[in-house]
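Overview (structure and organization)
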Amino acid sequence: MSDVKLKTICVVGLGYIGLPTAVVLASRGISVIGVDVSEEVVAKINRGQVHIVEPDLDAVTARAVQVGKLRAATKPEYADAFIIAVPTPFHDGKADLSYVEAAAASVAPVLKRGDLVVLESTSPPGTTERMATQLASLRPDLSLPTSQGGDCDVHISYCPERVLPGRVLVELVENDRVIGGITPKCSARAEELYRIFCTGKLLRTNVRTAEMCKLTENSFRDVGIAFANELSVICDRLEINVWELIRLANHHPRVNILQPGPGVGGHCIAVDPWFIVEAAPRESRLIRTAREVNDAKPSYVLGKIKIAIDAAQAVGARPKVLALGLAFKPDVDDFRESPALEIAEEVAGWNTCNLLVSEPFAEALPGKLAKCEHVSMVADIQGAIGEAHIVVMLVNHRVYGEIAQSDLSNKVVIDTRGVWS
Ligand code: SAJ
């Protein structure tokens, strides 16, 4: 059961994790202050609207705001607990922890005795302890667990999020969670918080193991996808249908191969393994290679598209290429680190074809595509297939399931997702 001591919780960072966490807490009767640096995001949420696409999030947010349990602001306010869920991007071989530092600095002035601070952002091992040191230097009047051990004024823990975009509201509640306190008392305090809404197991550990656990989960998936992507390239060379091969191999009771694709996108799996490589470069050989294999896949797909365009040009036509999907994975509106977008932008840059782009989750062409000539967005998928010489399946959005294989009979088809294979 939830502990009544936590009546007000401040969630810093209202993105893909922070906003759903804030509304789930609000739906359990907690008074939630959601904090974001973007005034636009804050205003939107206070109107009961959302700035991201995630099933049911709009309705739950509207309700939380309407009943007065969720309010957004640009600065943290006094609360019993603070959850920090801000981005930790990776630039030039280094984790950028400036958002975590800025969030901690913004929380420091409103911290008081008895508060709890939980970091949820994906972070290299050691980040939470550094955050504690930063808070200690900003608030010398409070004792923190780095110096005081169990009997401190403010408790600090790390608790990584593990939700899958598209299933966030379900997984936030149902997934097991790893909780790493700087001290065992810190873990116990964080457990009180997650027990408010989490029906999964709450697994206590130390802070560094919790930080590494998040990185390990995503690296495990990255290595698995790299295996599938490498198989797809091997199978092309050996003229074997990789999709059939994987389906058959997966009938073995202890084999479960993932699916090849155009590359690995998103802000997690394509990024987090580098945090491990940065922390232990010489020891992370497999993890680094998996990243390299996955990062090389868009170029491999581009090679196939180039061959198809060259062949069409050889018979005199400037071909029309239809790119199906731009998001980083099916049925989401997220284009961050998307291999599909990377591929479409590269093809547009060649200026050797007319590029038709279908993306049901975008209102306008995203990224550099908006500025490219000979690129147009199509809403009528069937019409575009009729026009196109080359069809490239990049993202298997559910709506593309309606495309009949017979409509593709006289097209060159490059199917990176195995939809028609
Ligand atoms: N992909 C493939 N083949 C597959 C599976 C995925 O090519 O068989 C590609 C997708 O198309 C996409 C990328 O990998 O481009 C990542 O997609 P994903 O669905 O595997 O993962 P994310 O990034 O949406 O969410 C992951 C999840 N982590 C794990 O499954 C270990 C999620 O639970 C995490 O919470 C999330 O990262 C995160 O926030 O870290």
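As shown above, the structure is provided for reference.
Here the structure is a predicted model, which is why all the values come from computation and not from measurement.

What to know about the site of the ligand
Neighbouring residues of the ligand: 21 residues in total, closest Glu-161, Lys-214, Arg-221, Gln-259 and Phe-328. The separation between an oxygen atom of the ligand and a polar main-chain atom of Arg-162 is 2.7 Å. Gln-259 is positioned with one of its backbone polar atoms (N or O) 2.7 Å from a nitrogen atom of the ligand. Against a free-state accessible area of 770 Å², the protein chains account for coverage of 88% of the ligand. For the shell around the ligand, the element with the most residues is helix α9 (residues 207-238), which contributes five residues.

Digging into helix α1 (residues 18-27)
Of all ten residues that make up α1, nine are buried, and the element is covered over most of its length. Positive backbone phi, at 90°, marks Gly-29, one or two positions downstream of α1.

Some words on the packing of α1 against helix α3 (residues 57-66)
Interaxial distance between α1 and α3 falls to 9 Å at its minimum, and their mutual angle equals 50°. Here α1 is positioned oblique relative to α3, judged by the angle of their axes. Read as a crossing pair, α1 and α3 show a hand that is left-handed. Contact residues: Leu-19, Pro-20, Val-23 and Ala-26 in α1; Leu-57, Val-60, Thr-61 and Ala-64 in α3. For the contact of α1 with α3, the residue count by class is seven nonpolar, one polar and no charged.

With respect to the sheet that holds strand β1 (residues 8-12)
Pairing within the open sheet is mixed, and its eight strands lie in the order β3-β2-β1-β4-β7-β8-β9-β10. Across the chains shown, the open sheet's two edge strands, defined by having one partner strand only, are β3 (70-73) and β10 (202-206). Going across the sheet, the axis of each strand differs from the next one's by a mean of 25°, ignoring polarity. Bridge count between strand β9 (residues 177-181) and β10: five bridges; the pairing is parallel. By the bridge assignment for β10, Gly-181 is matched with Asn-206.

Looking at the packing of helix α11 (residues 272-279) against helix α12 (residues 285-314)
Their axes nearest at 9 Å, the elements α11 and α12 cross at an angle of 140°. When the interaxial angle is binned, α11 and α12 end up oblique. Once α11 is placed against α12, the crossing between them reads as left-handed. Contacts from Pro-273, Trp-274, Ile-276 and Val-277 in α11 reach Ile-287, Arg-288, Arg-291 and Asp-295 in α12. Of the residues assigned to the contact of α11 with α12, the class counts are five nonpolar, no polar and three charged.

Structural notes on the nonpolar core
Formed by 42 residues in total, the largest nonpolar core has its most connected members in Ile-9, Leu-25, Leu-70, Leu-193, Tyr-194 and Phe-197. It is α1 that contributes the most residues to this core, six residues altogether. Apart from residues no more than four positions distant in its own chain, Leu-25 is found in contact with Ile-9, Val-11, Ile-30, Val-32, Ile-83, Ile-196 and Phe-197. Within the second largest apolar cluster, 31 residues are counted, among which are Ala-103, Ala-104, Cys-186 and Ala-210.

About the criteria used
Residues numbered from 1 in each chain as written. Predicted model: local features only at pLDDT ≥ 70, side-chain atom pairs only at ≥ 80, totals over all residues. Heavy atoms only, no water. Near = heavy atom within 4 Å. Polar contact = N/O pair within 3.5 Å; in protein donor to acceptor, adjacent residues only side chain to side chain. Areas by Shrake-Rupley, 256 points an atom, 1.4 Å probe, with all protein chains shown as cover. Helix = DSSP H or I, 4+ residues; strand = E, 2+ residues; numbered from the N terminus. Buried < 20%, exposed > 50% of the residue type's maximum accessible area, 1.4 Å probe, protein only. Axes fitted to C-alpha atoms, helices over the stretch in contact; angles between N-to-C directions. Parallel < 35°, antiparallel > 145°, perpendicular 65-115°, else oblique. Left-handed = near helix turned anticlockwise from the far one by under 90°. Contact = heavy atoms within 4.5 Å. Nonpolar A, V, L, I, M, F, W, Y, C, P; charged D, E, K, R; others polar. Pairing = 2+ DSSP bridges. Core = buried A, V, L, I, M, F, W, Y, C linked by side-chain atoms within 4.5 Å.

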